[in-house]
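Structural features, examined
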Amino acid sequence: MEIEPLLKMDQHYLEIPRKKTEMLQSVYSDGRLTASDQIIVHVTDNIPPVVTIIKPPDADGNGVADVQLVEETQLTFQGRIQEIDGDQVLTDSILWTIIAPDSSTTTGVGTINCNAPSNDCTTDYTYTFTLAGTYSLKLEVNDTQNRTVSTTLDLLIITNSP
């Protein structure tokens, strides 16, 4: 008797219907001995938000901004948070963190704008770079399952010399 699998496995991907609990069973036999194991998988319909730093740009995706600024320059960062599963963005959890070359940290909320029904938001945060060196910019948000999702971008600030 052949049993039809509830789940399909294709290389490294597993297709499981949304909002479902499934039991997976693996059986191995070498012809003489047989072993098996089971695992229970709980699938929810929550997909983490997509968090992106839009400005300053990082066109090549290497985690370093495509611009170099001089110290004492003020820049407004822009980020985007998208809840692709239709959940609302938890705007009160959006946070910018800037780590300066001397390891000092600044955090702030900035300005947040959302399109109805609040599942696609942008955020702006203005900061003045007072030291030369590499700064790390981080944008983070919590989703409806209280998971923190973030993205980071490094930005090089050069000395303002005559």
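The structure reproduced in this document is the subject of the present report. (Residues numbered from 1 in each chain as written. Predicted model: local features only at pLDDT ≥ 70, side-chain atom pairs only at ≥ 80, totals over all residues. Heavy atoms only, no water.)

1. Some thoughts on the packing of aromatic side chains
The test is simple: In this scheme Phe, Tyr and Trp rings, the latter by its six-membered ring, pair at centre separations within 6.5 Å, and the angle between planes marks the pair as stacked below 30 degrees, edge-to-face above 60, and tilted otherwise. Helix and strand labels come from DSSP, where a helix needs a run of H or I of at least four residues and a strand needs a run of E of at least two; each type is numbered from the N terminus. Think of it in three bands: with a 1.4 Å probe and only protein chains considered, a residue is buried below 20% of the maximum accessible area for its type, exposed above 50%, and partly exposed in between.
Taken as a whole and assessed by the stated rule, the structure comprises 6 aromatic pairs. Here the aromatic rings of Phe77 and Trp96 are separated by 5.5 Å at their centres, their planes lie at 35°, and the arrangement is tilted. Here Phe77 is found in strand E7 (residues 73-82), whereas its partner Trp96 is found in strand E8 (residues 95-99), with 19 residues between them in sequence. A relative accessible area of 0% means that Phe77 is categorised as buried. On the accessibility criterion, Trp96 (0% relative accessible area) is buried. Arranged with centres 6.5 Å apart and planes meeting at 25°, the rings of Phe77 and Tyr125 form a pair that is stacked. With a gap of 48 residues between them, Phe77 in strand E7 and Tyr125 in strand E11 (residues 120-129) connect regions that are remote in the sequence.

2. Focus: the pattern of salt bridges
As a reminder, the rule being used: A carboxyl oxygen of Asp or Glu within 4 Å of a side-chain nitrogen of Lys or Arg is what we treat as a salt bridge.
Considering all chains together, one arrives at 3 salt bridges under this definition. Of the charged contacts, one joins Arg80 and Asp120 as a salt bridge, the two residues approaching to 2.7 Å between their closest N and O atoms. Residue Arg80 is found in strand E7, and its partner Asp120 is found in strand E11; the two are separated by 40 residues along the sequence. The exposure class assigned to Arg80 is partly exposed, which follows from its relative accessible area of 29%. Residue Asp120 is classed as buried on the basis of its relative accessible area, which comes to 18%. The salt bridge involving Lys138 is made with Glu140; its shortest N-O contact spans 3.2 Å.

3. Observations concerning the sheet that holds strand E10 (residues 111-115)
For clarity, the threshold we go by: For two strands to be treated as a pair, DSSP must find no fewer than two bridges joining them. Every axis corresponds to a line fitted to the C-alpha atoms, with the helix fit spanning only the stretch in contact, and the corresponding angles, defined between N-to-C directions, vary from 0 to 180 degrees.
Pairing is antiparallel across the open sheet formed by 4 strands, whose spatial order is E5-E7-E11-E10. The open sheet terminates on both sides in strands that have one partner only, identified here as strand E5 (50-55) and E10. Neighbour to neighbour, the strand axes of the sheet diverge by 20° on average, direction disregarded. Relative to E7, E5 runs antiparallel, the two being bridged by 5 bridges. Across the sheet, residue Lys55 finds its bridge partner in E7, namely Gln78.

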